[in-house]
Number of protein chains: 2
Amino acid sequence: MFNNRKTIRKYTSKEVSEDLIRTLLEKAERTPTMGNLQLYSVVITREAEKKVQLAPAHFNQPMVTGAPVVLTFCADFRRTTLWAENRKAMPGYDNFLSFLNAATDALLYCQTFCNLAEEEGLGTCFLGTTIYNPQSIIKTLGLPRLVMPVATITLGWPDENPPLTDRLPIDSIIHNETYNDYTPARIDTFYTPKEQLEENKHFVEINHKETLAQVFTDLRYTKEANEAISEVLLKTLKEQGFM
Amino acid sequence: MFNNRKTIRKYTSKEVSEDLIRTLLEKAERTPTMGNLQLYSVVITREAEKKVQLAPAHFNQPMVTGAPVVLTFCADFRRTTLWAENRKAMPGYDNFLSFLNAATDALLYCQTFCNLAEEEGLGTCFLGTTIYNPQSIIKTLGLPRLVMPVATITLGWPDENPPLTDRLPIDSIIHNETYNDYTPARIDTFYTPKEQLEENKHFVEINHKETLAQVFTDLRYTKEANEAISEVLLKTLKEQGFM
């Protein structure tokens, strides 16, 4: 079934019950977690007004206001820290390693949740934009120190059945024993099929570019934007107490 | 089935076929990924000698040399960067945002792989130690610039059936609309059942501590170690070209 897994961006008006979400989030708790500390929290957004407030952080992608439910998965060392402080223990989780530990926990948990939700017939869309505008999300959701949003999911019952998107051949992902670096010939082998797809040729054309890679480097994920956002991201990690 | 999901640390001597691993890694490619760029690579370790070399980075946990297969999941912006450079495009992915984008891709992919592998009856153990000693792993696996290990999995057919470990009540994880901060009373509600478990009481006793939280703060994940490792981690991200 997972062979046909697709991102779903359009949802029917049918509600996703609180019970179902709770059950799936609870089931997903079996995901491995550092020292069994469960360094994550999930903020559930159902109120229309909150979705409107969240939308700009996600570049106003229509799924945010269009989905019945939005879930924001957060790296959370606050709960563990408060537990320690209430138990005569001196926590030391206001550092970068602890952020990455908690982000790892949160992302693994999020992905299991998505896999389980899709098994139930739900559709999900993963919003990578979460780390592009974390400050606005932190404000909207009232996230305190040692809590950092790392992933957002829109969730609902599918109202579309898009075609499968392409993926790279598995040989481009796998390395045996040591990293097998990519020669120009191997890059050609792995990327030419993607570049030859009609939809990608069209994508290059409408963006007035010469190659598909240029659409990514010049328009979608530019060096300038990446560097500016990196600074905001590091500043936000500092503000949330993780640096 | 996922309700009974357990980490498996002991494996039978039965091989895990290359075909099965390839099939599962290929199936896992359906996991969402930033801009469909698939910012991850997986290094497969089967050679005994390589496992011995990897083991110290994982604090010599016996699973590393005991498992038939070890998989190291890497945040990889190198392949995409080389693709761009071979296509008259100017990549700009040597920054912190790009690391976090690629780490996110790699972790989501890793977790789907684990979920699929466990559905096949395989056992996995997630080694969070990967980011504690990245330099040694980078050297052993020959990881170039813009490639950073973020997760390691030991994999094999289960040779144990451990009891389920405890998890926090789901109400401790979920926040409705905004972050519902933890009062001392809520901390008590959520953590007392964990603290009352016989195994955890025993854990506190053999470590000569007063509370379970102290075992974590004073012994397992100390402030001093976290801060020292944070520095190494940031230094390594710089060396790999991500800062």
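Residues numbered from 1 in each chain as written. Chains lettered and ligands numbered in written order. Predicted model: local features only at pLDDT ≥ 70, side-chain atom pairs only at ≥ 80, totals over all residues. Heavy atoms only, no water.

(A) Inspection of the interface of chain B and chain A at higher detail. Counting residues at the interface gives 112 residues for chain B and 111 residues for chain A. At the boundary of chain B with chain A, total buried surface from both sides reaches about 10400 Å², with 58% on carbon and sulfur atoms. The largest per-residue losses of area from chain B upon contact with chain A belong to Arg30(B), Trp83(B) and Glu177(B), which jointly make up 9% of the total buried on that side. Where chain B meets chain A, there are 12 salt bridges. In this structure, Asp171(B) and Arg22(A) form a salt bridge, with 2.7 Å as the shortest nitrogen-oxygen distance. Between the two partners, chain B and chain A, sit 76 residue pairs in polar contact (both at pLDDT 80 or more). Counting residues per element, the side of chain B that touches chain A draws most heavily on helix H5 (residues 96-119) of chain B, at 15 residues. Taken together, the residues of the side of chain B that touches chain A break down into 52 nonpolar, 32 polar and 28 charged. Across 3 bridges, the pairing between strand E1 (residues 40-45) of chain A and strand E5 (residues 174-176) of chain B is parallel. Following the sheet pairing, Ile44(A) is matched in E5(B) by Asn176(B). (Contact = heavy atoms within 4.5 Å. Buried area = accessible area lost by both parts, 1.4 Å probe. Salt bridge = Lys/Arg side-chain N within 4 Å of Asp/Glu carboxyl O. Polar contact = N/O pair within 3.5 Å; in protein donor to acceptor, adjacent residues only side chain to side chain. Helix = DSSP H or I, 4+ residues; strand = E, 2+ residues; numbered from the N terminus. Nonpolar A, V, L, I, M, F, W, Y, C, P; charged D, E, K, R; others polar. Pairing = 2+ DSSP bridges.)

(B) View of the side chain of Asn101(A). Relative to the helices and strands, Asn101(A) is located in helix H5 (residues 96-119). The exposure class assigned to Asn101(A) is buried, which follows from its relative accessible area of 6%. When neighbours within four sequence positions are excluded, Asn101(A) is seen to be in contact with Met34(A), Leu39(A), Ile131(B) and Tyr132(B). (Buried < 20%, exposed > 50% of the residue type's maximum accessible area, 1.4 Å probe, protein only.)

(C) Inspection of the UniProt feature "domain: Nitroreductase" (unreviewed entry) in chain A at higher detail. UniProt records the feature "domain: Nitroreductase" (unreviewed entry) for residues 4-157 of chain A in the present numbering. With 40% helix and 19% strand, residues 4-157 of chain A has end C-alpha atoms that lie 16 Å from one another. (UniProt positions renumbered as here; feature names shortened; annotations may be inferred.)

(D) Quick peek at the sheet that holds strand E4 (residues 147-156) of chain A. Taking strand neighbours across the sheet as the criterion, the 5 strands line up as E3(A)-E4(A)-E2(A)-E1(A)-E5(B) in an open arrangement whose pairing is mixed. On the outer flanks of this sheet lie strand E3 (123-127) of chain A together with E5 of chain B, each paired with one strand and no other. Direction aside, neighbouring strands of the sheet carry axes that sit 25° apart on average. (Axes fitted to C-alpha atoms, helices over the stretch in contact; angles between N-to-C directions.)

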